[in-house]
Structure formats: structure tokens, C-alpha cells
Amino acid sequence: MIDTNIFQNKTAVYYTLGCKLNFSETSTIGRILQEAGVRTARRGEKADICVVNTCSVTEVADKKCRQAIHRLVKQHPGAFVVVTGCYAQLKPDTVARIEGVDVVLGAEQKKDLLQYLGNLQKHAAGESYTSPLKDIRSFAPSCSRGDRTRYFLKVQDGCDYFCSYCTIPFARGRSRNGSIASMVEQARQAAAEGGKEIVLTGVNIGDFGKSTGETFFDLVKALDGVEGIERYRISSIEPNLLTDDIIRFVARSRRFMPHFHIPLQSGSDEVLKLMRRRYDTALFASKVNEIKTEMPDAFIGVDVIVGTRGETEEYFNQAYGFIRGLDVTQLHVFSYSERPGTQALKIEHAVPPEEKHRRSRCLLELSDEKTHAFYARHVGQVMPVLLERSKAGMPMHGFTPNYIRVEVPHDDNLDNRVLPVRLGSFNADGTALVGEVLNQTLE
């Protein structure tokens, strides 16, 4: 047993890189430490514990992780430094050699965090201790909000797809999940804590059920019945796993929002084959059309990778034309990064960095065009907005059901409330619509 007295009056800082799943897991780590007596360090205060949750989706992500670790070690000299997440999972030896790192925590060892933090006493005394080995076999539940208004519910982990460019299956392991009953219970707990919106997260959430003989559609239907939760959002889901039944259910649900995030990765069928994706552009277009038929005002975000090996200029032009013709809202554009151990390295025709940058800019400009047009269509409408905490004096932000970002004047009384807001013009930097709260009685 760990003597939890060692955590009393200790402080911690948290730094998260990467996806919503990582933010969910960092929030859970924060809750574990808070319950043990550790408080979050104030701005400028030296922390006793630093937690870095890493990403390894690209080489740039790896570099950002190393920079974040070095920065925190410098800012908090003598702190006990815990590094977890995908980069730590893929390259534990590399991370362990970074000066100042004390523990490299495997993907599913977060549940045993206090056990490893039991070394705090040895750390303070300058004694030696052993870092844990990585473990990617089990499923660790996570539902927390951290410093956000929305909750993030981890429903699944791992991936069985092994796309040619991706290392995530090596970092996160095989697809696995908890039971629907356990997910419903976590949603009920979030509701009891006052939570109104939950984002379903995971590595490949549409694959939910591998461990329990259930399906993602079963999960969606079960969560829809949880009283107290007003909004659910489905984070990234593979197009071949987004069934028409799910789309139609969301269209008729009061709680699941008309908001989808679907990875395309390329609009060229030839490149999709090189990537070893499990769909083609025809299937992707059919999913977008089905969503828009059922929910004309739905927000659809799309992931795209540019400059993968084998993506000739002709293939990119095909992809650009396909994406331009899609009725989607926003593009999340990534430049291809070569990852050791992936099958993509065997593909001929590497795209020069400057060409990757040009292609990325083309798609980002197309994304801005699509997002601006989508927002502009809603100016003047009155829509319910869940408003989120902000720093004193700063505008508050929130989102409509279809994920339009709205900005309103600061008012602490509006935090975590769903209220009717009239959508006005764009804010100064064009990232949100300026809204007017009409009254405070919608809830």
C-alpha cells in the first residue's frame, strides 16, 4: 500500500500533446492525483510533479514532446517527471534517457500512477528506483473534464488496422474496450457532477465491442438514455465503421449532436490503396451525402494527409478536386512524416518538403473557405450554445449543436449553461461568431 501522506501539500503541472483521447487521460491522471491530495500548481509556481502526456503521430509530434519535456524540467527543477502517452510507449528507452525524466509510464499503467509516484520519497532523498515497463494489453477507463466544461469519455483504445503510414497500433496495441454498462455508469457519474456534454473518444471508436461482443451502435443507443447529459459528440470515426444506422440515429436523437469527424486521409483512390485504408472515395462520399440528407446543417470535419509516399502531383490534384466537391465543413491537414518501422517506407516517390508545404497550404485555404461559408449561413439564427469557462475579463466561448464556435461577453453566471444565443458577425480573427445571449431560461 502507498502512504498517501507523501502526496499532501504537493503540487503538479500537466502538459498534453495530441488528440482528445490524450486530454481525457490527462484529466483522469489529474483527478487521481487530486484525490490523493495533490493540487494543480498555480501559474509561476514550481511544481513537485510534472506529467507530460505525449503524442507520436508524426516526427514533428515527437520533437514537440522532447521540447516539452526539456522545457518542464527546466521550469520545475527537482520535480518528479512522469512521461506517458504514445511517444513514451513507442520509444520508452529514448524518453528514459532524457535528463530529468523519472518515470516512463506505459499506456495502460496510468491506473497504477500512485504506485509509481510512491518513488517520490526516494526521489527527494536522491535514492535510485526502477521505472515501470510498458504495457499495452489492458483497457483503462477514463472520463474526465480537467479544466474544460466538456467531459471526454474514453470508450475504446488501440487499433487493428495497421495503415501503411501509421505507428499508433504499435503505441496503443490492439483494439479493446470496456463494457457498455461501464460506459453508461461513467456517463451517469459525469451527469451527477454537473456535466452536460460528453465527447466520445478513442483510437478507433467505431471498432468498439471487440473486447465485449457489443457494437458502437449499441453503445450510442445506451448512452442516449442517460438522463442529465444534454449533448454527446462522436469524435473521429472511420468512414467504413460509420454505419447508416448510426447516422440516422444521430439525426433523430435529442442528445447526439449533428457533428461528425471522419478521417479521409486522401481523396485519391490510388493513394488510399497505398495507405492500406479500408474504403475508397465512393464510400466516403456516400457517407457525407447520407449525413447531409439526414442533417443538412451538420458539421463534418475531415482529416487529410498530404505528401505521403506515392502521392504524385496528379494524385494530389485528384484528391484536391474530390475534396473541393465534398459538402464538408473543415479540414484537419497533416503533412506526411516518415515513421520508422512502417510499410510506407517501401513505397517509391518521396514528396519533397517544400511540395508538402505547398499542398498543405492549398488544402488549408480550401478549409478556411468551407468553414467561413458554413458559419456565414448561420448568421442571424438563434441556436442553443453550451458556454464554457474562460479567464476573467476574456470573452466566453461555446458551441452550437453543429459545432459553430460562438463568442459572448464574459459572465461567470453563464458557465456550463446551455442558452439561446443569436449568432452575429465574425469576431476579429474570424474564428468564431459573436453572439448575443437572449435570455437565461433555456435550460
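Before any of the text, the structure's been laid out above.
In this text, all values refer to a predicted model and were calculated from it rather than measured experimentally. (Residues numbered from 1 in each chain as written. Predicted model: local features only at pLDDT ≥ 70, side-chain atom pairs only at ≥ 80, totals over all residues. Heavy atoms only, no water.)

## Considerations on the overall build of the protein
- The helix and strand tally for the protein stands at 14 helices and 19 strands.
- Within the protein, residue pairs in contact and separated by at least 24 positions form 73% of the contacts whose partners lie at least 6 positions apart.
- Within the structure as shown, the protein displays about 19,500 Å² of accessible surface, and the carbon and sulfur contribution to it stands at 50%. (Helix = DSSP H or I, 4+ residues; strand = E, 2+ residues; numbered from the N terminus. Contact = heavy atoms within 4.5 Å. Areas by Shrake-Rupley, 256 points an atom, 1.4 Å probe, with all protein chains shown as cover.)

## Re the side chain of R309
- You can see R309 is positioned in the loop between β13 (299–306) and α13 (313–324).
- The exposure class assigned to R309 is buried, which follows from its relative accessible area of 19%.
- Sequence-distant contacts of R309, defined by excluding residues within four places in its chain, comprise L274, Y336, E338, A344, L345, I347, E348, H349 and A350. (Buried < 20%, exposed > 50% of the residue type's maximum accessible area, 1.4 Å probe, protein only.)

## A word on helix α1 (residues 20–36)
- Taking 1.5 Å of rise per residue, the 17 residues of α1 would be expected to cover 24 Å, and the 25 Å separating its terminal C-alpha atoms lies within 8% of that figure.
- Where α1 is concerned, the buried positions are L21, N22, S24, E25, T26, S27, T28, I29, G30, L33 and A36.
- Once α1 finishes, G37 follows within two positions and takes phi at roughly 110 degrees, a positive value. (Expected span 1.5 Å × (residues − 1).)

## Concerning the packing of aromatic side chains
- For the structure on display, the rule yields 9 aromatic pairs.
- Residues F217 and F249 carry aromatic rings whose centres are separated by 6.0 Å and whose planes lie at 80 degrees to one another, so their mutual orientation is edge-to-face. In this pair, F217 sits in helix α9 (residues 216–224) while F249 sits in helix α10 (residues 244–252), placing the two residues 32 residues apart along the sequence.
- In this structure F249 comes out as partly exposed when scored by relative accessible area, which is 22%.
- With centroids separated by 5.3 Å and ring planes inclined at 80 degrees, the aromatic side chains of F299 and Y403 adopt a geometry described as edge-to-face. In this pair, F299 sits in strand β13 while Y403 sits in the loop between β16 (396–399) and β17 (405–408), placing the two residues 104 residues apart along the sequence. Like Y403, F299 is buried.
- Ring pairing ties together the aromatic residues F299, F374, F399 and Y403, which thus form one cluster.
- Over the aromatic face of F217 sits the side chain of K221, whose NZ or CZ is 4.3 Å from the ring centroid. (Phe/Tyr/Trp six-rings, centres within 6.5 Å; stacked < 30°, edge-to-face > 60°. Lys NZ or Arg CZ within 6 Å of the ring centre and 35° of its normal.)

## Observations concerning the pattern of salt bridges
- Counted according to the given criterion, the structure contains 28 salt bridges.
- With its nearest N and O atoms 3.2 Å apart, the salt bridge here joins E369 to R324. In this pair, E369 sits in helix α14 (residues 353–376) while R324 sits in helix α13, placing the two residues 45 residues apart along the sequence.
- With relative accessibility at 44%, the residue E369 sits in the partly exposed group.
- Salt bridges sharing common partners tie together E25, K154, D157, R172 and R176. (Salt bridge = Lys/Arg side-chain N within 4 Å of Asp/Glu carboxyl O.)

## Quick look at the sheet that holds strand β18 (residues 418–426)
- Here we have 5 strands rolled up into a closed barrel, ordered β15-β16-β17-β19-β18, and mixed in their pairing. Along the sheet, successive strands turn relative to each other by an average axial angle of 50 degrees, direction set aside.
- The sheet contact formed by β18 and strand β19 (residues 433–437) spans 4 bridges and is antiparallel. Bridge pairing in β19 places F426 opposite L433. (Pairing = 2+ DSSP bridges. Axes fitted to C-alpha atoms, helices over the stretch in contact; angles between N-to-C directions.)

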